[in-house]
Amino acid sequence: MPPTLTDDALDYLLGTAGLSLTDAQKTDLKSIHEALAAMKARVRQPRGRMAELAHTYGFTAADLT
Amino acid sequence: MSIPTIAEAAALIAAKKLSPVELTKACLAQMHATEDTIHAFVLPTEERALTEARAAEAAIMKDGPRGPMHGIPVGLKDIVDTAGLATTCQSAILQDNVPTSDATCAAALKAAGTVLMGKLTTHEFADGGPSFDLPKPPARNPWNPDHFTAGSSSGTGAAVAAGSILCGIGTDTGGSIRGPAALCGIAGLKPTYGLVSRAGVAPAAFSLDHIGPMAWTAEDCAIMLQVLAGHDPADPASASQPIPNYQAALTGDLKGVRVGVIRHFHERDFPVAPATQTGIDNALAVFRSLGATVEDVTVSPLQDWHACGSLISIVERASAYEEWARTRLGDFSERVQRRLHLGALVSGVDYVQATRRRRELRAELQAAMRNLDVVITAGAPGEAPKMDAVPRWDVFANPSFTIPFNVTGYPALCVCSGFGPAGLPVSVQIVGKPFRDAMVLRVGDAFEKATAFRSRRPGLAA
């Protein structure tokens with residue numbers, strides 16, 4: 001089961017993001033919390049702390065010109 | 001006159017048997033006949049088109065065509081900047097936005113001598129349609145206007161299928177070229193990430209955004225890609241790779257081509273409609289008959305790819321539009337507002353975990369394709385749904401067949417592979433290795449030329 005998204009927690013997250021929602025919009029957003037949590041679980045594979053993210057880059061000759 | 005392909009029109013124009021003015025007027029007639037029903041254009045540019053067509057005609061009569069796109073009627077998705085011409089992104093927020101310069105892709109088409117027919121409908125900022133609370137109505141499917149076009153390059157898909165343009169620019173963050181191509185029965189290529197410049201095009205999700213051609217055939221996509229592909233220092237993701245002759249790669253046969261099928265995507269992970277399955281099975285038979293070998297390949301479940309791409313997309317969109325989300329949230333459509341709300345619920349750690357998963361998935365596809373030239377799967381689950389049947393939270397309703405290849409950046413093409421019981425098109429998706437866009441186009445073109453699906457146009461376009 002994904003962690004419960006309480007009204008207080010939702011208000012905190014929306015406040016942090018600077019978003020102002022109506023009660024109906026908040027209810028709508030809470031309705032997909034489980035589906036979103038399932039997505040988050042899918043990207044958390046056992047991988048260890050050394051696994052790099054996709055954006056990691058290396059310098060090329062162009063960096064030296 | 002019937003609307004020709006770019007390849008046909010270019011040959012006739014070069015032989016001085018077809019005038020760009022005559023061709024433009026034929027496309028305008030299609031636009032006039034269909035636009036009240038399908039709403040493909042947010043801003044038609046009829047007078048400009050006729051002026052450009054006359055200029056093209058004069059130049060061709062004097063010096064011959066600049067290339068196969070000279071005098072060809074095109075359209076631009078309305079998130080593509082056009083100097084002196086409104087670029088609204090189908091948003092109330094940008095109704096007065098008139099860019100002072102062209103996006104790189106728009107400039108490339110202009111330099112090739114194309115005729116601009118207008119700016120094409122899109123979902124708001126290439127996200128979240130169909131919406132009925134935007135400045136202009138959503139595009140409708142020319143095969144049946146009660147049905148959806150998919151998006152977000154909805155107007156480009158509808159206008160090409162209707163014959164109002166011969167080709168147009170689409171953009172693709174999770175399938176916005178290939179989805180409309182699939183549901184409107186045309187060809188749409190999401191090129192390799194970095195092959196076509198994104199400069200001057202409104203962002204959706206930076207690391208997933210692609211610009212590409214949409215046209216009636218794969219061959220026409222190849223002709224258009226030739227004009228669009230190339231390094232652009234104005235785009236930080238732009239690649240510097242040699243550009244092959246894409247049309248020359250279209251040999252018509254598939255001798256020695258190695259095709260993989262990600263069968264579990266469309267048969268087990270999210271089973272497609274019978275007509276789509278039949279289209280894929282028939283495509284495999286055609287590939288074999290043209291000399292290809294076919295084998296199954298297995299990668300992670302479709303839902304893993306969808307989760308990875310969706311989480312990245314949610315966060316990157318939220319970052320791109322954060323300022324307006326904070327200050328003008330109510331000016332977005334309801335659908336885009338909901339997408340922006342999601343940004344608050346995905347943490348920085350969630351995003352990084354998604355990008356770590358992205359690296360793994362890319363490695364997985366790279367390994368799966370080591371001895372293959374292309375892989376195929378569905379482009380969409382079935383025929384176009386009705387306009388009112390698109391889920392409110394579509395990102396959570398079904399996994400996308402197209403987003404895996406935004407996650408990897410690999411080139412992917414959707415072509416029509418038949419028709420379903422409602423008479424609407426179904427499609428197959430062909431995916432290649434990075435910068436092997438020519439191979440993807442070769443497979444799509446060979447399939448189209450070996451089948452009869454390109455001879456059927458939507459009734460509205462007749």
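All values derive from a computational prediction rather than experimental measurement.

Draft legend 1. Structural detail: the overall build of chain A. Within chain A one finds 3 helices and 0 strands. Order of helices (α) and strands (β) in chain A, N terminus to C terminus: α-α-α. Taking 65 residues into account, the globule formula puts the C-alpha radius of gyration at 11 Å, and chain A, at 19 Å, lies well above it. Across the 65 residues that make up chain A, the buried fraction comes to 11%.

Draft legend 2. Expanded view of the overall build of chain B. A tally of helices and strands in chain B yields 16 helices and 11 strands. In terms of overall size, chain B behaves like a compact globule, its C-alpha atoms giving a radius of gyration of 20 Å where 462 residues would be expected to give roughly 23 Å. Reported as C-alpha extents along the three principal axes, the dimensions of chain B are approximately 60 × 60 × 45 Å. Considering chain B as a whole, with its 462 residues, one finds that 60% of them fall into the buried category. Look at the contacts in chain B between residues 6 or more apart in sequence, and 79% of them connect residues 24 or more apart.

Draft legend 3. Summary view of the nonpolar core. Among the nonpolar cores identified, the biggest contains 149 residues, and C105, A187, A215, L311, I376, L413 and L441 of chain B are the most heavily contacted of them. If sequence neighbours within four positions are ignored, A187 of chain B has contacts with A181, A215, W216, T217, A218, D220, C221, L413, C414, V415 and G444 of chain B.

Draft legend 4. Quick peek at the interface of chain B and chain A. On the side of chain A, 25 residues touch chain B, which itself brings 27 residues to the contact. Looking at the side of chain B that touches chain A, the elements with two or more residues in it are helix 10 (302–320), helix 11 (322–327), helix 12 (334–342) and helix 13 (348–368) of chain B. The dominant element in the side of chain B that touches chain A, judged by the number of residues it contributes, is helix 13 of chain B, at 11 residues. When its residues are assigned to classes, the side of chain B that touches chain A shows 11 nonpolar, 6 polar and 10 charged.

Draft legend 5. Layout of the packing of helix 3 (residues 33–42) of chain A against helix 10 of chain B. In the contact formed by helix 3 of chain A and helix 10 of chain B, the axes pass within 8 Å of each other and the chain directions differ by 105°. Classed by the angle they form, the pair helix 3 of chain A and helix 10 of chain B counts as roughly perpendicular. Contacts from M39, K40 and R42 of chain A in helix 3 of chain A reach Q303, D304, A307, S310 and L311 of chain B in helix 10 of chain B. Of the residues that constitute the contact of helix 3 of chain A with helix 10 of chain B, the class distribution is 3 nonpolar, 2 polar and 3 charged.

Draft legend 6. Inspection of unusual backbone geometry at higher detail. Residue and element names in this part refer to chain B. Between G129 and the following residue, P130, the backbone shows a cis peptide bond with an omega angle of 0°. Structurally, the position occupied by P130 is in the loop between strand 3 (115–120) and helix 5 (154–162). Put simply, G151 and S152 share a cis peptide bond, and its omega is 15°. With respect to the secondary-structure elements, S152 resides in the loop between strand 3 and helix 5. One non-glycine residue, Q90, adopts positive backbone phi at about 55°. Tracing the backbone through its elements, the reader meets Q90 in the loop between strand 2 (73–77) and helix 4 (104–111). On the basis of neighbour counts, which here come to 31 C-beta atoms within 10 Å, the residue Q90 falls in the buried class. At F125, a residue that is not glycine, the phi angle is positive and equals roughly 50°. Secondary-structure assignment places F125 in the loop between strand 3 and helix 5. The exposure class of F125 is buried, given the 25 C-beta atoms found within 10 Å.

Draft legend 7. Molecular detail of the environment of R54 of chain B. All names here are of chain B. Within the element layout of this structure, R54 appears in helix 3 (residues 46–63). For R54, a count of 15 C-beta atoms within 10 Å corresponds to the partly exposed category. Sequence separation between R54 and R268 is 214 residues, and the spatial gap between their C-alpha atoms is 54 Å.

Draft legend 8. Highlighting the sheet that holds strand 6 (residues 210–215) of chain B. All names here are of chain B. If you walk across this open sheet you meet the 11 strands as 1-3-2-4-6-5-10-11-9-7-8, and the pairing is mixed. Each edge of the open sheet carries a strand with a single partner, namely strand 1 (41–44) and strand 8 (293–296). Here the average twist between neighbouring strands, direction ignored, is 30°. Most of the contacts of helix 3 go to strand 3, to which it runs at about 155°, and overall it touches strand 1, strand 2 and strand 3.

Draft legend 9. Spotlight on helix 1 (residues 6–14) of chain B. Taken as a whole, helix 1 of chain B has its buried residues at I6, A7, A9, A10 and I13 of chain B. Here the buried residues of helix 1 of chain B occupy an arc of 165° about the axis, which is enough to place them on one side.

Draft legend 10. Structural view of the packing of helix 10 of chain B against helix 13 of chain B. Residues and elements named next belong to chain B. As a packed pair, helix 10 and helix 13 sit with axes 9 Å apart at the nearest point and diverge in direction by 135°. Considering the angle they form, helix 10 stands oblique to helix 13. Of the two elements, helix 10 crosses helix 13, and the hand of that crossing is left-handed. Residue-level inspection shows D304, W305, C308, L311, I312 and V315 of helix 10 in contact with helix 13, the latter providing D350, Y351, A354, T355, R357, R358 and L361. When the residues that make up the contact of helix 10 with helix 13 are grouped by side-chain class, the tally is 8 nonpolar, 1 polar and 4 charged.

Draft legend 11. Expanded view of the pairing of strand 5 (residues 187–190) of chain B. Residues and elements named next belong to chain B. Because side chains alternate across strand 5, one face comprises the buried residues A187 and L189, and the other comprises G188 and K190, equally buried. Where strand 5 meets strand 6, 2 bridges bridge the pair, whose relative direction is antiparallel. Residue pairing in the sheet places A187 in a bridge with A215 of strand 6. Pairing of strand 5 with strand 10 (residues 412–419), which is carried by 3 bridges, proceeds in the antiparallel orientation. Bridge assignment links G188 to a residue of strand 10, and that residue is C414.

Draft legend 12. Region of the structure containing helix 4 of chain B. All names here are of chain B. Turning to helix 4, its buried residues number three or more, namely T104, C105, A106, A108 and L109. Of the surrounding secondary structure, the elements contacted by the buried residues of helix 4 are strand 2, strand 4 (167–172), strand 6 and helix 7 (218–228). Looking one or two places after helix 4, you find G113, whose phi comes out positive at around 90°.

Draft legend 13. Spatial organisation of the environment of M224 of chain B. All names here are of chain B. With respect to the helices and strands, the residue M224 is situated in helix 7. Spatially, the C-alpha atom of M224 lies 18 Å from that of A158, the residues being 66 residues apart in sequence. With residues up to four places along the chain from it excluded, the contact list for M224 reads M69, C167, P213 and A215.

Draft legend 14. Highlighting the confidence of the model for chain B. The predicted model of chain B has a mean per-residue pLDDT of 97, with 100% of residues at 70 or higher. Scored as a complex, the prediction yields pTM 0.97 and ipTM 0.93.

What counts, and at which threshold
- Residues numbered from 1 in each chain as written.
- Chains lettered and ligands numbered in written order.
- Predicted model: local features only at pLDDT ≥ 70, side-chain atom pairs only at ≥ 80, totals over all residues.
- Helix = DSSP H or I, 4+ residues; strand = E, 2+ residues; numbered from the N terminus.
- Rg over C-alpha atoms; globule rule 2.2 N^0.38 Å.
- Buried ≥ 20, exposed ≤ 12 C-beta atoms within 10 Å, placed from the backbone.
- Contact = placed C-beta atoms within 7 Å.
- Core = buried A, V, L, I, M, F, W, Y, C linked by C-beta atoms within 7 Å.
- Nonpolar A, V, L, I, M, F, W, Y, C, P; charged D, E, K, R; others polar.
- Axes fitted to C-alpha atoms, helices over the stretch in contact; angles between N-to-C directions.
- Parallel < 35°, antiparallel > 145°, perpendicular 65-115°, else oblique.
- Pairing = 2+ DSSP bridges.
- Arc of directions from axis to C-beta.
- Left-handed = near helix turned anticlockwise from the far one by under 90°.
- pLDDT = per-residue confidence, 0-100.

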